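# A look at the structure
Chain by chain, the residues:
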Amino acid sequence: AFSSLRRAVFSALDHAKPDVAQGQGILGYGNAVADWSSTRSVIAAHGNPLMDHRYRYGWFGGLLRTALLRRIASQSVLRARVVVNVTRSWTVNMPVEPQDMRYIPNPVAAAFFENRPGEPTLKVVFLGGGLSIKGLDLLLGAWPKVAARHPDARLHAYGFAGKEVGGYRELPAGCELHGY
């Protein structure tokens, strides 16, 4: 998957001949942009792909994959001219300290994280995908407790082609899966 993505990114960059190229993430696009040597590269670090893989593949499988991905991610971070980060500390989502890191604050206003809702909402919308790392399986597992306390509550999860998520073939009462 990485090699086909790299070829596609290199082809696009060869065609566009940019003065600066920006790649999203320290793996995938960011890695390819950092490795393309014909321009200055900027990569955007967000999330923590190493921890995501460890969680997704379990302790042992995640540990093996994480070791390989740590090497790839480290190369991306060190080869990029600039790494843009939404946290002030590189240690949150990068395996090594970048040569030049620029902090750009999260575009979501701090007030969003500080506000506490009053009464619980009766309609919940989930947008995040069916991978277990996204947590829909946990939400579905907890939904019967929510429904017991709020019988009118409804959960709508968007972006699913199939009708099975995280081993749930039958969704709890009040839950629906939708496509986009």
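Figured I'd write up the structure that's included with this text. (Residues numbered from 1 in each chain as written. Predicted model: local features only at pLDDT ≥ 70, side-chain atom pairs only at ≥ 80, totals over all residues. Heavy atoms only, no water.)

All right, on to the environment of Gly 47 then. Here Gly 47 lies in the loop between strand E2 (40-45) and helix H3 (49-79). Residue class for Gly 47 comes out partly exposed when judged on its relative accessible area of 48%. Sequence separation between Gly 47 and Asn 85 is 38 residues, and the spatial gap between their C-alpha atoms is 9.6 Å. (Helix = DSSP H or I, 4+ residues; strand = E, 2+ residues; numbered from the N terminus. Buried < 20%, exposed > 50% of the residue type's maximum accessible area, 1.4 Å probe, protein only.)

Attention now moves to the environment of Ile 104. Inspection of the secondary structure puts Ile 104 in the loop between strand E4 (101-103) and helix H4 (110-114). Sequence spacing of Ile 104 and Val 84 is 20 residues, and the spatial spacing of their C-alpha atoms is 6.7 Å.

Before going further, it helps to examine helix H5 (residues 136-149). End to end, H5 covers 19 Å across 14 residues, agreeing with the expected 20 Å (1.5 Å per residue, within 8%). If you look at H5, its biggest bend is around 40°, right at Ala 142, and the proline Pro 144 turns up within four residues after that. Residues of H5 that are buried in the fold lie against strand E5 (123-127), strand E6 (154-158) and strand E7 (175-178). (Expected span 1.5 Å × (residues − 1). Bend = angle between axes of the 7 residues up to and from the residue. Contact = heavy atoms within 4.5 Å.)

With that settled, consider the pattern of salt bridges. Tallying each qualifying case throughout the model produces 3 salt bridges. Between Asp 35 and Arg 79 there is a salt bridge whose closest N-O contact spans 2.4 Å. One end of the pair, Asp 35, is in helix H2 (residues 29-35); the other, Arg 79, is in helix H3, with 44 residues separating them in the sequence. Residue Asp 35 is classed as buried on the basis of its relative accessible area, which comes to 19%. Residue Arg 79 is classed as partly exposed on the basis of its relative accessible area of 45%. One salt bridge in this structure joins Asp 100 and Arg 102, with 2.8 Å as the shortest N-O distance. A relative accessible area of 23% means that Asp 100 is categorised as partly exposed. (Salt bridge = Lys/Arg side-chain N within 4 Å of Asp/Glu carboxyl O.)

Across the chain, the bulk of peptide bonds are trans and the bulk of non-glycine residues have phi less than zero. Despite not being glycine, Lys 17 shows a phi value in the positive range, around 50°. Mapping Lys 17 onto the fold places it in the loop between helix H1 (2-16) and strand E1 (20-24).

Before going further, it helps to examine the sheet that holds E2. The strand order across the open sheet formed by 4 strands is E1-E2-E3-E4, and the pairing between neighbours is parallel. At either margin of the open sheet sits one strand with a lone partner, and together these are E1 and E4. On average, adjacent strands in this sheet sit at an angle of 25° to one another, irrespective of strand direction. Summarising the sheet, E2 and strand E3 (residues 82-85) pair through 4 bridges and their orientation is parallel. Within the sheet, the bridge partner assigned to Val 42 lies in E3 and is Val 82. (Pairing = 2+ DSSP bridges. Axes fitted to C-alpha atoms, helices over the stretch in contact; angles between N-to-C directions.)

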